[in-house]
Amino acid sequence: MTSRRCVDDAATQAAGEAFAAVLRPGDIVLLSSPLGAGKTTFTKGVARGLGVRERVTSPTFTMVRQHEASNDLGITTLHHCDVYRVESLGEVLDLDLGELVEEAAVALVEWGELAESIFGRDVLTITIAPADDDTRTITVAGAIDVDRAQRLAEWSNA
């Protein structure tokens, strides 16, 4: 488990941008936090780090937004998902996220704790914990091998 403290939205976006270097094609990242704590802000940073040029907004009502990415990581698509409004695990299964990321893509899933039982240990989890002073702590856990652990150590010390 690795953490990074962010003092504002700009720092949260910067953390997301730096986190993009940790990603690999096929990754599913589950984002968890209270409402308004910074999930979409973090995702905007990840998108920037992956070379997404279009505007990134919360996919609350569309459930999945697809963004073309251009980077040296081999990731060509960012799927930005939001499962806040799902009423059952069946609806999450219907999104077929595992299939979406098969071909050089990654998926970031807001309200990911709602889908965690579907994906098990093969995902990265990010928890964003807000503090009273508008800072937030971003914690990464999950499928972390030796190479990824090194990159995350660099990320947390930035």
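Residues numbered from 1 in each chain as written. Predicted model: local features only at pLDDT ≥ 70, side-chain atom pairs only at ≥ 80, totals over all residues. Heavy atoms only, no water.

Chemist: Looking at this structure, how should I read the layout of surface pockets?
Modeler: In this approach, a probe sized like a water molecule rolls over the atoms, and the result shows the empty space that is left. Here the largest pocket is characterised by a volume of approximately 160 Å³. Per-element tally for the lining of the largest pocket: the top contributor is helix α2 (residues 39-49), with three residues. Taken together, the residues of the lining of the largest pocket sort by class into four nonpolar, six polar and four charged. (1 Å grid on protein atoms, 1.4 Å probe; cavity = no way out; pocket = protein on both sides within 12 Å on 5 of 7 lines; lining within 4 Å. Points joined across faces, edges and corners; volume = space filled by probe spheres on them. Helix = DSSP H or I, 4+ residues; strand = E, 2+ residues; numbered from the N terminus. Nonpolar A, V, L, I, M, F, W, Y, C, P; charged D, E, K, R; others polar.)

Chemist: I'm lost on the pairing of strand β1 (residues 2-6) in this one. Help?
Modeler: Side-chain alternation along β1 places Thr2, Arg4 and Cys6 on a buried face and Ser3 and Arg5 on a face that remains uncovered. As defined by bridge partners, β1 adjoins strand β7 (residues 136-142) across five bridges and the pair is classed as antiparallel. Bridge assignment links Arg4 to a residue of β7, and that residue is Ile138. (Buried < 20%, exposed > 50% of the residue type's maximum accessible area, 1.4 Å probe, protein only. Pairing = 2+ DSSP bridges.)

Chemist: What is the right way to look at α2 in this model?
Modeler: Residues that lie three or four places apart on an α-helix share one face, since the helix turns once every 3.6 residues. Of all 11 residues that make up α2, eight are buried, and the element is covered over most of its length. Buried within α2 we find Lys39, Thr40, Thr41, Phe42, Thr43, Gly45, Val46 and Ala47.

Chemist: Looking at this model, I keep getting lost on the packing of aromatic side chains. Mind explaining?
Modeler: Geometrically, a pair of aromatic rings is defined through the distance of the ring centres and the angle of the planes. Tallied over the full model, the rule gives two aromatic pairs. Aromatic pair Phe19 and Phe42: ring centres 5.6 Å apart, planes at 50 degrees, arrangement tilted. With Phe19 in helix α1 (residues 9-19) and Phe42 in helix α2, this pair connects stretches of sequence that are 23 residues apart. For the pair Phe19 and Phe42, a shared accessibility class is recorded, and that class is buried. Each member of the aromatic cluster is reached from another via a ring pair, and the members are Phe19, Phe42 and Trp155. Taking the ring centre of Trp111 as reference, the NZ or CZ of Lys39 above it sits at 4.0 Å. (Phe/Tyr/Trp six-rings, centres within 6.5 Å; stacked < 30°, edge-to-face > 60°. Lys NZ or Arg CZ within 6 Å of the ring centre and 35° of its normal.)

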